[in-house]
Amino acid sequence: MVGLFDILGPTMVGPSSSHTAGACRLGFVARAIAGGQPERALIELHGSFAMTGEGHGTKRAIIGGLLGFRPDDPRLRESLEQAAETGLEYEFGQADLGDEAHPNSARIHLWRGETHTRIQGCSVGGGRIRVEEIDDFPVEFTGSLPTVIVQADDVPGTIAEISGLCAEQGLNVATMRVDRTSRGGYALMTIEVDGRIPAELESELGEKPWAHRVRVLRQLG
Amino acid sequence: MFRSIEEWIEDAADAGVTLPEAVLRREARNTDVDPDAIRARVARALDVMREAIAEGVSSAERSPTGMTGGRARTLLANGPRLMGEELTSMLARAIATLEVNARMGLIVAAPTAGAAGVVPGVLMTLAESRGWSSEQLVDGMLVGGGVGAVIAVRASIAGAGGGCQAETGSAAAMAAAAVTHLEGGSPEQVSQAIALTLQGMLGLICDPVAGLVEMPCAYRNASAAVHAVAAAEMALAGLDFPIPPDEVIDVMGQVGRTMDVRFRETALGGLAATPTGQRIAEAAGMPELVELQRRGRTQGERSARLGPS
């Protein structure tokens, strides 16, 4: 569905909605998935991101997103300098993610404390993005709705419990996707909801014995 | 939003409201956001547009590649010679917005960053001579948003999807519709303004030099702005176009889908692939792009979706 502000926006730091605004959003979402600001980042650029990214400020935009800046934040221009000040070490590389990958794709590795998180996503135009992989799990969400990401034991009943908790909080589930590495192993669930996600949902999910890691992505705006 | 201009006009007529009011109601219903909050957000977008123009016409700062920067100021300093104060100022403001965009300034993509100069160039300039209030400008933006949404659904607003006709063409149709409405044109005249704008922009390719949103984008925004005013002038005078706007939009979609991929933002054809375009890309540090340009079409097919938007 095309909304009014898909046409009259985004309000953004130039020059390109896909290579700058979308790149920033990818970084922003990756930061949220990692649970906060990473200490170290390796960003592999694919296709057009790698080829014309330099002139579009794609690197500055992704780093800005990792620092928590949104696409309309003027600090995107100085994000590389800000990264140095806030202790974010970063490195860029190139990767061929295959012909199937969207040309504006990036694979982002983040290290935060003991945790390493790998996110692959793409900028699909007009500043909109799609997250396609978290660690070894295929996922698909856009960040345009609040999203809950739960890494859990692959045991019966988890989906019912999660949707029950959402219902208790008055949240309407827009999409839900489950992927698992192997039967009886880990599953990764991504749940996009309408409306603000209350902090209680995050903490209640976190207390479940089957939940390993719960992350909440606020709306990108 | 609406799926056709016809549906939009009928919806407004059935509800007995204006075109912008119909857009506002539909957006409020789809998003569950209060109409006043939507208007306030549009007003903030207008503020950003004003600030970008103010910065762009006063600064000669170059973009990182040096391809743009300072031209809006030069135009105002040396003009007008032929077009009068108002249209010359409109050209400068459209260019100024793209110059600010190229140096990582704050702009409003309307509908895209590459076409961000058209709507503000037209609206902010005519608002001065026509005395439109801020609230009226919000109405104009709502009309423009309605037009862009129909084009996004029926055709494309992305250069990668439909060439420059999809970007500056859409922006020009948005601006022409907004102006026609604000000048008291009927919904039928607004609809004619859209058709009259797009018929003149069909087939325009997207061929950004070095793959960057700078050249020819800045100049294309300027010419699209003047084209939009010409279409609005004709529509307001009662001139009509035999093909309805929805059908013109569908043609734009067909032309875009069948357009060679070299002309859809890939920077592999058109002005981008000229000998001079290649030299600029090389100087901007894009040897891989130049290599693809030299190899020509076969590689271009694989890169169909490359490029900015």
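For the structure itself, look to the data block above.
Predicted model only: the values in this text are computed from it and were never measured. Per chain, residues are indexed from 1 in the order of the written sequence. Chain labels run from A onward and ligand labels from 1 onward, assigned in the order the entries are written. For a predicted model such as this one, the threshold for reporting local features is a pLDDT of at least 70, and the threshold for listing and counting side-chain atom pairs is 80 or more; totals across whole chains, interfaces and linings nevertheless cover every residue.

Undergrad: Looking at this model, I keep getting lost on the overall build of chain A. Mind explaining?
TA: Broken down by element type, chain A carries 7 helices and 11 strands. Each radius of gyration is computed over the set of C-alpha atoms, and the globule rule expresses the reference value as 2.2 Å times the number of residues to the power 0.38. Taking 2.2 N^0.38 as the reference for a compact globule, 221 residues should give roughly 17 Å; the C-alpha atoms of chain A span a radius of gyration of 17 Å, in line with that estimate. Judged by the C-alpha coordinates and their principal axes, chain A covers about 50 × 40 × 35 Å. Whether a residue is buried, exposed or partly exposed is read from the other C-beta atoms within 10 Å of its own C-beta, which are placed from the backbone; 20 or more gives buried, 12 or fewer gives exposed, and intermediate counts give partly exposed. Considering chain A as a whole, with its 221 residues, one finds that 49% of them fall into the buried category. Restricting the contact set of chain A to residue pairs at least 6 apart, pairs at least 24 apart contribute 67%. In this description a helix means any DSSP run of H or I spanning at least four residues, a strand means any run of E spanning at least two, and both kinds are numbered starting from the N terminus. By definition, residues are in contact whenever their C-beta atoms, placed on the basis of the backbone, come within 7 Å of each other.

Undergrad: Could you clarify how one ought to interpret the interface of chain B and chain A in this entry?
TA: Interface size is often expressed as the accessible area that is lost when the parts come together. The interface of chain B with chain A comprises 49 residues on the first partner and 37 residues on the second. Counting residues per element, the ones that place at least two in the side of chain B that touches chain A are α2 (19-31), α3 (35-58), α5 (84-102), β1 (106-108), α7 (134-154) and α14 (287-295) of chain B. Of all the elements, α7(B) adds the most residues to the side of chain B that touches chain A, at 6 residues. Just so you know the grouping, Ala, Val, Leu, Ile, Met, Phe, Trp, Tyr, Cys and Pro go in nonpolar, Asp, Glu, Lys and Arg go in charged, and all remaining residues, Gly too, go in polar. Tallied by class, residues from the side of chain B that touches chain A come to 31 nonpolar, 13 polar and 5 charged. Pairs of strands are assigned from DSSP output, requiring at least two bridges between the strands. The pairing of strand β1 (residues 11-13) of chain A with β1(B) spans 3 bridges and is classified as antiparallel. Note on β1(B): the bridge partner recorded for A:Thr11 is B:Val108.

Undergrad: I keep staring at the pairing of strand β4 (residues 104-112) of chain A and nothing clicks. Help me out?
TA: Regular strands place their side chains on alternate faces of the sheet. All names here are of chain A. Where strand β2 (residues 40-46) lies against β4, 7 bridges are found, and the strand directions are antiparallel. Its bridge partner lying in β4, His-46 is registered against Ser-105. Bridge count for β4 against strand β5 (residues 115-125) is 8 bridges, and the pairing is antiparallel. Bridge pairing in β5 links Leu-110 to Thr-117. Remark: 2 residues form the turn of the hairpin made by β4 and β5, two consecutive strands paired antiparallel; Gly-113 in that turn has positive phi of roughly 60 degrees.

Undergrad: I'm lost on the nonpolar core in this one. Help?
TA: For soluble globular proteins, nonpolar side chains are generally found buried alongside one another. All names here are of chain B. Note on definitions: a nonpolar core is a set of buried residues drawn from Ala, Val, Leu, Ile, Met, Phe, Trp, Tyr and Cys, linked by C-beta atoms within 7 Å. Formed by 170 residues in total, the largest nonpolar core has its most connected members in Val-118, Val-122, Ala-175, Ala-176, Ala-225 and Ala-228. If you tally residues by element for this core, the top one is helix α9 (residues 164-182), at 12 residues. If we skip the residues at most four places from it in the chain, Ala-175 touches Val-118, Val-119, Val-122, Leu-123, Gly-144, Ala-225 and Ala-228.

Undergrad: Looking at this model, I keep getting lost on the sheet that holds strand β3 (residues 89-94) of chain A. Mind explaining?
TA: In a beta sheet, neighbouring strands are held together by backbone hydrogen bonds and run either parallel or antiparallel to one another. Residues and elements named next belong to chain A. If you trace the 6 strands from one edge of the open sheet to the other, you get β3-β2-β4-β5-β6-β7, paired in mixed fashion. Looking along the sheet, the strands with just one partner apiece sit at the ends: β3 and β7 (137-141). Direction aside, the axes of adjacent strands within the sheet are offset by 20 degrees on average. Relative to β7, strand β6 (residues 128-134) runs antiparallel, the two sharing 3 bridges. Across the sheet, the residue bridging to Ile-134 is Phe-137, located in β7. Against the sheet, helix α2 (residues 17-34) makes contact with β4, β5 and β6, and its axis sits at roughly 155 degrees relative to β5, the strand it touches most. Throughout, an axis means a line fitted to C-alpha atoms (over the contacting stretch in the case of helices), and angles, computed between N-to-C directions, take values from 0 to 180 degrees.

Undergrad: It is not clear to me how the sheet that holds strand β9 (residues 172-180) of chain A should be interpreted in this structure. Could you clarify?
TA: All names here are of chain A. Read from one edge of the open sheet, 4 strands run β9-β10-β8-β11, paired in antiparallel fashion. A strand with exactly one partner marks an edge of an open sheet, and here the two such strands are β9 and β11 (211-217). Each neighbouring strand pair of the sheet contributes to a mean axis angle of 15 degrees, computed without reference to strand direction. Bridge count between β9 and strand β10 (residues 186-194): 8 bridges; the pairing is antiparallel. Counterpart to Met-176 in the pairing with β10 is Ile-191.

Undergrad: For this particular structure, what's the right way to read the pairing of β3(A)?
TA: Residue and element names in this part refer to chain A. Of all 6 residues in β3, 0 are buried, a share of ten percent or less. Note that β2 and β3 share 6 bridges and pair parallel. Note that in β3 the partner of Arg-40 across the bridge is Glu-89.

Honestly, it's all geometry; don't read function into it.
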